[in-house]
Every structure is written in C-alpha cells, then in structure tokens.
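Take a look at the letters that make up each chain.
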Amino acid sequence: MKKRRYCTDLKRLDGKTVLITGGNSGIGKETAVALAMRGARVIIACRDVDKAGKAVREIKFKSHSLNVHHMELDLANLRSVREFCKSFLQREKRLDILINNAGMPSVLDWTDDGFSMCFGVNHLGHFLLTNLLLPRLKECAPSRVVTLTCSNYKYQKLDFQDLNYNLLPFFTYCRSKLANIYFSQELARITEGKEVTSYAVHPGFVQSGWTCHYSILFRMLMQVIMWMFFVPCETGAQTVIYCAVSDEAAKHSGGYFVDCRPSTLRPFARDTGVAKKLWEASERLVKLA
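So, here is what we can say about the structure in this document. (Residues numbered from 1 in each chain as written. Predicted model: local features only at pLDDT ≥ 70, side-chain atom pairs only at ≥ 80, totals over all residues. Heavy atoms only, no water.)

A word on the overall build of the protein. Scanning the protein for helices and strands turns up nine helices and eight strands. Compactness check: the protein gives a C-alpha radius of gyration of 17 Å against a globular reference of 19 Å for 289 residues, within 12% of the reference. Residue burial in the protein is summarised as follows: out of 289 residues, 55% are buried. Counting contacts in the protein only where the partners sit at least 6 residues apart, residues at least 24 apart contribute 76% of the total. As displayed, the protein has an accessible area near 13,500 Å², and 54% of this comes from carbon and sulfur atoms. (Helix = DSSP H or I, 4+ residues; strand = E, 2+ residues; numbered from the N terminus. Rg over C-alpha atoms; globule rule 2.2 N^0.38 Å. Buried < 20%, exposed > 50% of the residue type's maximum accessible area, 1.4 Å probe, protein only. Contact = heavy atoms within 4.5 Å. Areas by Shrake-Rupley, 256 points an atom, 1.4 Å probe, with all protein chains shown as cover.)

Here we take up helix α8 (residues 238-245). Most of α8 is tucked away, with eight of its eight residues classed as buried. Among all positions in α8, only Q238, T239, V240, I241, Y242, C243, A244 and V245 are buried. Residues of α8 that are buried in the fold lie against α1 (26-37), β4 (97-100), β5 (143-148), β6 (196-202), α7 (233-236) and β7 (255-258).

Our next topic: the packing of aromatic side chains. Summed over all chains, the structure comprises 10 aromatic pairs. Seen in terms of ring centroids, Y199 and F257 are 5.8 Å apart; in terms of plane orientation they differ by 75°. Their pairing is edge-to-face. Residue Y199 is located in strand β6, and its partner F257 is located in strand β7; the two are separated by 58 residues in the primary sequence. Residue F257 is classed as buried on the basis of its relative accessible area of 0%. One aromatic cluster in this structure is built from F127, F183 and W279. Directly above the aromatic system of F160 lies the positively charged group of K277, at a separation of 4.6 Å from the ring centroid. (Phe/Tyr/Trp six-rings, centres within 6.5 Å; stacked < 30°, edge-to-face > 60°. Lys NZ or Arg CZ within 6 Å of the ring centre and 35° of its normal.)

We now examine helix α4 (residues 117-139). Along an α-helix, a turn takes 3.6 residues, which lines up residues three or four apart on a common side. The end-to-end C-alpha distance of α4 is 32 Å, a good match for the 33 Å that 23 residues give at a rise of 1.5 Å each. Along α4, the sharpest kink reaches roughly 45°, centred on L133 and followed within four residues by the proline P135. With respect to burial, α4 is a largely interior element, 19 of its 23 residues being buried. (Expected span 1.5 Å × (residues − 1). Bend = angle between axes of the 7 residues up to and from the residue.)

As a further point, take the packing of α4 against helix α5 (residues 169-190). Running from N to C, α4 and α5 cross one another at 20°; their axes reach a closest spacing of 7 Å. Between α4 and α5, the crossing angle belongs to the class labelled roughly parallel. Between α4 and α5 the crossing geometry is right-handed. Where α4 approaches α5, its residues C118, F119, N122, H123, H126, F127, T130 and L134 are matched on the opposing element by T172, Y173, S176, K177, A179, N180, F183 and L187. Across the contact of α4 with α5, the residue classes tally to eight nonpolar, seven polar and one charged. (Axes fitted to C-alpha atoms, helices over the stretch in contact; angles between N-to-C directions. Parallel < 35°, antiparallel > 145°, perpendicular 65-115°, else oblique. Left-handed = near helix turned anticlockwise from the far one by under 90°. Nonpolar A, V, L, I, M, F, W, Y, C, P; charged D, E, K, R; others polar.)

Of note, the amide linkage connecting A141 to P142 takes the cis form, showing an omega dihedral of 5°. When you line up the elements, P142 lands in the loop between α4 and β5. Even without a glycine there, the phi angle at D259 is positive, about 55°. In this structure, D259 sits in the loop between β7 and β8 (261-263). Its relative accessible area of 2% is what places D259 among the buried residues. In this structure, K287 takes a positive phi of about 55° despite not being glycine.

Counted under the stated rule, the structure contains 11 salt bridges. In this structure, R12 engages D14 in a salt bridge whose closest nitrogen and oxygen atoms are separated by 3.0 Å. With a relative accessible area of 48%, D14 lands in the partly exposed category. A salt bridge links K251 to E248, with the shortest nitrogen-to-oxygen separation between them at 3.1 Å. Linked by salt bridges that have partners in common, K16, R94 and D96 make up one network. (Salt bridge = Lys/Arg side-chain N within 4 Å of Asp/Glu carboxyl O.)

For the rest of this paragraph, the subject is the nonpolar core. With 51 residues, the main nonpolar core has L19, F84, F88 and L129 as its most contacted residues. Secondary structure elements with two or more residues in this core: β2 (41-46), α3 (78-91), α4, α5, β6 and α9 (272-285). With 11 residues, the top contributor of residues to this core is α4. Each residue touching F84, except ones within four places of it in the same chain, is listed here: L19, A45, M71, E72, L73 and L129. In terms of nonpolar packing, the next biggest core, distinct from the first, is built from 35 residues, C7, A32, V240 and A249 among them. (Core = buried A, V, L, I, M, F, W, Y, C linked by side-chain atoms within 4.5 Å.)

See below:
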C-alpha cells in the first residue's frame, strides 16, 4: 500500500471558529480533534443529537479542549439547513473554516424535498449551507471552505436533463462527487479577491462506518476489503486538515487535493462552463433568493 503524507503544518487556530458537517464520526471526527488541538472553537453539525453529544465528549477528551460543541443539522431537509444557518448566525460571531464533510454513500433513497439522497445531501444540502453562511465567511476573511469529494467522480458526467438521477447507486454517488468538485471551483471563482478560498479534497478510501446502510453479508465482505486496502480515518483526514490550515494550499483556491498536495482532474471536471451551469441550476433547485 502506498505510504500517505501527513499534514506537517503546525499553525495554531486560536480565536478561529470551525464548522464541520458530519463531524460525529470518521474523517470529520478526526478533523475536529486535530483542529481543536490547534486551539480552534469547533462545532460539529449532525443529524443525530445523541451521537453528536457522545462525539463531542470524545473529541474534547482526545484534543484536551473544552471548546467543542454540536448543533443539529439534517442535510436531507432544506428547511433544516435554513433553520440551522439562522441559529448558527445568531449564536456564532465568527466562521473562519467551513468543512463540508458529511456525505451519503451509494444508496437509492430520496430526501424530504424529493431529491435523490446522494445528490440532495452531498451537493444540494452543502450548496445551500455554504451560500447561507457565505456572508459570515466573508466578514471573517481570510476564510476557507473545504469540500470532501472522491476520485470516483471520474466514472460519470452530469446530465442536466436528469440531475436527480437515482437508478444505479454507484453512479448517483459518482455524480454527486463530481458536483462537489464543480461547486468548489465555482465558489472559488465567485469569491476571488474576497479572501475566501475553496478546496475540493479526496481523502482516500477510508475505513469508516458507511457500510451500515447495507446487508450484514456486504458489511462483512467490506470489512475485509477495508482492512486490506483502505486507510484509517486519521490518515484520511490529513488532506482535509492541510487544506484548512496550510499557507501553501491557500495558493490553489479552486484546486483538487489528494494526499496533501494539488492533483490533476480529468479535463471534463475542469469545465468552468459546466461548473457555472450547475451553480445556477442548484440555485433554482434550493430556491436560493
């Protein structure tokens, strides 16, 4: 197995506020620990309040920081996203780093608003969240938005006649991850010159609990495969941490990062016209005023 890089930037984050979606487990949780250790005020946004509370206690223990909190957020419900943002902006005076980490694996299901679960959670939920919090990010500039994607983006292209595609689970997941990349690129273009930088991160294939959505037999098989070929969550979090703190990463807003360095995307994933078209379509879908 290829040796993975670790983030070696020791920058402190005292006085900074970090928001991590899905920070109660996996990469999000490991990222929360690392950034809390650097002095940041860390808020994890999760759907399950009980799991979030347990995760906050564990993050505090591992990071030796008491400045870790949780708020309720369901990315599969756009009303929940709006209510969360309203509450966050009333409660928090700063937002320096937004990490769009939460994700839905390859499942065939629908959000409360009638979108395919993968596209609705992985892209549209984070699209609305980021846009509603963007004014606060601009106020606290220099600030950053880190969006997790996956190298599986390369297996699909977007169909603007059927953005809500929900037939083959793996393909709908790939499309949502490609949408994450276009979103990150267009966000970088829109915020250019405003000291808000944007990064898309492929963390690698990590050992996590995403298999809970599948049968026992499939989970057992995947446990063996993950043990052999996947990396621990702590290792997968390194590129996320790197993009959140590194001065070198700040030079590559809109970039795609793998293993703590910029990586090259397939040509179709660098199409600025498609990125802009997706942004405009997403605005209509979430009814962003």
